[in-house]
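Chain and residue survey
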Amino acid sequence: MRSGYGRSIFEPLLPLILGRDVSGEVAAVGAQVKSLTVGQEVFGALHPTAVRGTYTDYAILSKDELSPKPASVTHVEASAIPFAALTAWRALKSTARISEGQRLLVIGGGGAVGAEQAVDYTSEDIESVIKGKFDAVLDTIGVPETERIGTNLLNRGGHYMTLQGEAAALSDRYGLPIGLPVATAVLWKKKIQYKYSHGIEYSWIYMRADLEGLHEIRKLSEAGKLTVPVEKTFPITRVREAHEAKDKKLILGKVVLELD
Ligand SMILES: NC(=O)c1ccc[n+]([C@@H]2O[C@H](COP(=O)([O-])OP(=O)(O)OC[C@H]3O[C@@H](n4cnc5c(N)ncnc54)[C@H](OP(=O)(O)O)[C@@H]3O)[C@@H](O)[C@H]2O)c1
């Protein structure tokens, strides 16, 4: 966002409050809300296009965006989980519906992906190191080369899912009224092409609030099956430094901003 990604959506809405993930205590609830209580410890994430984010003392989230915090982790640890985990959930459970025994390839997996086999893309050739085919590919990089590799490694009927859908990039280039319909046309062209050429499903994945998913994520965290390592914390007053450290790849893992 610092370099302008998403400007077609966000520029007219400036100034923004950034931040999507949150872990904290409920300070107040709306009159209709029965599932949450004041004082309860919760975690969750806002929708990707939210304008009033979580870099605040008090954030406003809907009841469908919050679940009780996993009891086994701190607020710092919990706040690193929701957006990343819900994005993976959207791909693997809601879209590809992967089940036990199926094979999944994550292209661009960071530190929190447990794997049967890991490949260092900087020193190894993915195509010669990886044996066999997969039922689903989650491509977090989404460039033509990773798309070619991912789609060729899928079984027929498998799912190729990229996190780099072109809706925002095309809208930034052409403006929303032209960019969004162009993006829809690009997506459908690819879906049809891959169906015929490879017999696979092609999707752009965007994080979405999913209360049921968030509850499952909480259970996985409490069972010790899902951990997102936090590499560094910054006080929120040093947010610029935190962003720059990520931009310059000085910190590889998750960074969490702390409020006093
Ligand atoms: N669509 C959505 O809703 C959504 C949601 C969340 C994230 N995203 C996007 O998904 C992307 C990944 O997010 P992240 O938080 O997982 O980033 P990350 O923590 O930086 O992880 C990306 C990993 O991919 C590796 N990598 C880079 N180029 C590669 C290549 N050509 N082949 C294989 N691996 C490669 C990186 O290694 P190096 O350290 O060597 O570069 C890094 O380990 C970001 O662009 C983010 O904006 C989209």
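These figures come from a predicted structure and were not determined experimentally. (Residues numbered from 1 in each chain as written. Predicted model: local features only at pLDDT ≥ 70, side-chain atom pairs only at ≥ 80, totals over all residues. Heavy atoms only, no water.)

Under the criterion given, the structure shown has nine salt bridges. Ionic pairing is found between Asp 64 and Lys 63, a salt bridge with its closest N-O pair at 3.7 Å. Its relative accessible area of 36% is what places Asp 64 among the partly exposed residues. Relative accessible area serves as the criterion here: at 37%, Lys 63 is assigned to the partly exposed category. The salt bridge partner of Arg 148 is Glu 145, with a shortest N-O separation of 3.1 Å. (Salt bridge = Lys/Arg side-chain N within 4 Å of Asp/Glu carboxyl O. Buried < 20%, exposed > 50% of the residue type's maximum accessible area, 1.4 Å probe, protein only.)

Our next topic: the packing of helix 3 (residues 82-95) against helix 8 (residues 211-222). With their axes 10 Å apart at the nearest point, helix 3 and helix 8 run at an angle of 115° to one another. What the angle tells us is that helix 3 and helix 8 run roughly perpendicular. Pair helix 3 / helix 8 crosses with right-handed handedness. Residues Pro 82, Ala 85, Leu 86 and Trp 89 of helix 3 form the contact with helix 8, whose participating residues are Gly 213, Leu 214, Glu 216, Ile 217 and Leu 220. The residue inventory of the contact of helix 3 with helix 8, partitioned by class, reads seven nonpolar, one polar and one charged. (Axes fitted to C-alpha atoms, helices over the stretch in contact; angles between N-to-C directions. Helix = DSSP H or I, 4+ residues; strand = E, 2+ residues; numbered from the N terminus. Parallel < 35°, antiparallel > 145°, perpendicular 65-115°, else oblique. Left-handed = near helix turned anticlockwise from the far one by under 90°. Contact = heavy atoms within 4.5 Å. Nonpolar A, V, L, I, M, F, W, Y, C, P; charged D, E, K, R; others polar.)

Residues annotated by UniProt as "domain: Enoyl reductase (ER)" (unreviewed entry) correspond here to residues 6-257. The span residues 6-257 carries 35% helix and 18% strand; its end-to-end C-alpha distance comes to 22 Å. (UniProt positions renumbered as here; feature names shortened; annotations may be inferred.)

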